[in-house]
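A structural walkthrough
Here is how the chains run, residue by residue.
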Amino acid sequence: MKQLSIGIIGTGWCGGIRAETCASSPYVSALHLAEIEPERLKEVAAKTKPATAIADYRVLLQNGDIDSVIISATPETTHFPMAKESLLAGKHVFLEKPMALELAEADELIDLARTKGLLFTIGYSQRFNPKFAYVKRSIDDGTIGQPVSALVSRHITRNLGNKIGGRIKLSPAAMEATHDIDFMLWCFAPRKPVRVYAQEVRKIMQATHDVPDCVWIIVTLDDGCVFTIGAGWVLPPAYPNFSSTWIEMVGTEGAIMVDDTHRDVSVNTMKRGIEFPISTMPGEKVDHVYAGPMEAETIHFLECVVNRQQPLVTPQHARMVMQVYQAADKSAEQGHPVDLLPTANLSDGPRLRQTKAIKKATADRS
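Read on for an overview of the structure. (Residues numbered from 1 in each chain as written. Predicted model: local features only at pLDDT ≥ 70, side-chain atom pairs only at ≥ 80, totals over all residues. Heavy atoms only, no water.)

Attention shifts here to the sheet that holds strand β10 (residues 226-235). Overall, mixed pairing links the seven strands, which are arranged β12-β11-β7-β10-β9-β8-β17 in an open sheet. Of all strands in the sheet, those with a lone pairing partner are β12 (255-260) and β17 (338-339), marking the two edges. In this sheet, β17 lies alongside strand β8 (residues 193-201) in antiparallel orientation, the contact comprising two bridges. Looking across to β17, one finds that V196 is bridged to V338. Against the sheet, helix α6 (residues 130-140) makes contact with β7 (147-157), β11 (243-251) and β12, and its axis sits at roughly 175 degrees relative to β12, the strand it touches most. (Pairing = 2+ DSSP bridges. Helix = DSSP H or I, 4+ residues; strand = E, 2+ residues; numbered from the N terminus. Contact = heavy atoms within 4.5 Å. Axes fitted to C-alpha atoms, helices over the stretch in contact; angles between N-to-C directions.)

Here is the structure:
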């Protein structure tokens, strides 16, 4: 079996999971870590026994033996430059969302990967959530017919909201609803978004982080179908660690309702009160098994690199997701719907930075 040498850039919460997954995978011949926090690097290295454990990620890019890199670094401003350097170095790239801060940057990465013949994908882990995958399969196999309308409500706690909202001035549309925009566009494909209307609320986090508390987004597709997404990060801290998510998918022949509220397992003790384990966003180990989507997503990337197959999330699709959530930010700011046209100018607004020239999406590579 072909094996690969892989580098992990950033070994925080998500990067640590990806590093442990790679360390135990038969697809990986050598693991290399880059992390700027010495204690965290030491901790993850002790678990994964990497061939390299360093602070400067550029050393990994200079290593000709490394086939691929997984970029799990924060803050999100690092994503574009790190991905660009990695592609220029000839590495296949898995990049956590968001893929960039501007559409022009996303276009540059897409063009670079295509020109150099490299695999490039973005981390939308909820595609690997079995409940989400079941909805998609029910569309693909005709169980509910063709999707007509859909609703996703996703809300996380203030603990995570403070962490994310305080790290970078990106909205819940860009950091939370992005998962559901990706999922909905995947389900409704090949339909494309043509109009976005959004409203946001600023009552809690405005003073501390200058970010919205929540946003509600209506997306109209080119055949007239509509989906709605609500996303926020101000649930009280006592709620389960990850989120309360609800999905309604209505099709021509049926409908699916999904309860993903992370309250299915509860533990109540005298010392710590009520807890909801197995409820984190990326997932967690439970002895010999793994609960959550991120391990499966990481293994999928490894398989794709070994077999030279395009990963499930294409960069072109991730760019379209980015276009929608940036349009949602603009709509919420300006108070009116935003049309998505091939040459739309969405650069207005102080919180929005987008390209004026939107390139035609390139064909998916195999």
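So, about the packing of helix α4 (residues 79-88) against helix α5 (residues 103-116). Contact pair α4 / α5: the axes reach a minimum separation of 10 Å and the direction vectors enclose 15 degrees. Considering the angle they form, α4 stands roughly parallel to α5. Crossing geometry of α4 relative to α5 is assigned as left-handed. Here α4 contributes F80, A83, K84, L87 and L88 to the contact with α5, which in turn contributes E105, E108, L109, L112, A113 and K116. (Parallel < 35°, antiparallel > 145°, perpendicular 65-115°, else oblique. Left-handed = near helix turned anticlockwise from the far one by under 90°.)

This paragraph deals with the packing of helix α9 (residues 177-188) against helix α12 (residues 315-334). Packing of α9 against α12 leaves a shortest axis separation of 9 Å and a crossing angle of 120 degrees. The pairing of α9 with α12 is recorded here as oblique in orientation. As α9 runs across α12, the sense of the crossing is right-handed. When α9 is examined against α12, the residues T178, I181, D182, L185 and W186 are found in contact with a partner set consisting of H317, M320, V321, V324 and Y325. Tallied by class, residues from the contact of α9 with α12 come to seven nonpolar, two polar and one charged. (Nonpolar A, V, L, I, M, F, W, Y, C, P; charged D, E, K, R; others polar.)

Turning to the packing of aromatic side chains, a few remarks are in order. Following the criterion strictly, the structure yields four aromatic pairs and no others. Ring centres of F94 and F301 lie 5.6 Å apart, and the angle between their planes is 65 degrees; this geometry places the pair in the edge-to-face category. Of this pair, F94 sits in strand β5 (residues 92-96) while F301 sits in helix α11 (residues 294-307), and the two are 207 residues apart along the sequence. Overall, the relative accessible area of 2% leaves F94 in the buried class. (Phe/Tyr/Trp six-rings, centres within 6.5 Å; stacked < 30°, edge-to-face > 60°. Buried < 20%, exposed > 50% of the residue type's maximum accessible area, 1.4 Å probe, protein only.)

Inspection of the secondary structure puts G232 in strand β10. Placed 110 residues apart in sequence, G232 and I122 show a C-alpha to C-alpha distance of 22 Å. Setting aside anything within four residues of it in sequence, one finds G232 in contact with R154, H155, I156, P172, D213 and C214.

Before going further, it helps to examine the nonpolar core. Ranked by size, the top nonpolar core spans 87 residues in total, and within it M99, M184 and I217 carry the most contacts. Those residues within four positions of I217 in sequence are excluded, and the remaining contacts are A173, A177, I181, V196, Y197, A198, F227, T228, I229 and A328. L4, A19, L41 and L302 belong to the second-largest nonpolar core, a separate cluster that totals 19 residues. (Core = buried A, V, L, I, M, F, W, Y, C linked by side-chain atoms within 4.5 Å.)

A separate point is α6. All of the buried residues along α6 are F132, V135, K136, S138 and I139. Seen from one end, α6 has its buried residues packed into an arc of 160 degrees, which puts them on one side. Exposed residues pointing more than 90 degrees away from the buried face of α6 are listed as P130 and D140. Those residues of α6 that are buried lie in contact with β7, α9, β11 and β12. Between the side-chain oxygen at the start of α6 and the backbone nitrogen of K131 there is a gap of 2.9 Å, and the oxygen is on N129. Phi turns positive one or two residues past the end of α6, at G142, with a value near 85 degrees. (Arc of directions from axis to C-beta. Polar contact = N/O pair within 3.5 Å; in protein donor to acceptor, adjacent residues only side chain to side chain.)

Turning to the side chain of T314, a few remarks are in order. Inspection of the secondary structure puts T314 in the loop between α11 and α12. The class for T314 is buried, based on a relative accessible area of 8%. At a separation of 3.1 Å, a polar atom in the side chain of T314 contacts the main-chain amide nitrogen of H317.

Before going further, it helps to spend a moment on the sheet that holds strand β1 (residues 4-9). Spatially, β3-β2-β1-β4-β5-β6 is the arrangement adopted by the six strands of the open sheet, whose pairing is parallel. With partners counted over all chains shown, the strands left at the sheet margins are β3 (52-54) and β6 (120-123), one partner each. For this sheet, the mean angle separating the axes of adjacent strands, direction not counted, is 15 degrees. In this structure, β1 lies alongside strand β4 (residues 68-71), joined through four bridges in parallel fashion. When the sheet's bridge partners are listed, I6 is paired in β4 with S68. This element, α4, spans β1, β4 and β5 of the sheet and lies at about 170 degrees to β5.

The tally for this structure, following the rule as stated, stands at 20 salt bridges. When the shortest N-O distance is used, the salt bridge between R58 and D56 registers 3.9 Å. Exposure remark for R58: the relative accessible area of 40% places this residue in the partly exposed category. The closest approach of N and O atoms between K131 and D260, which form a salt bridge, is 3.4 Å. Placement of the pair is K131 in helix α6 and D260 in strand β12, with a sequence separation of 129 residues. Overall, D260 belongs to the buried group, its relative accessible area being 6%. In this structure, a network of salt bridges that share partners links the residues E20, R40, E43 and K47. (Salt bridge = Lys/Arg side-chain N within 4 Å of Asp/Glu carboxyl O.)

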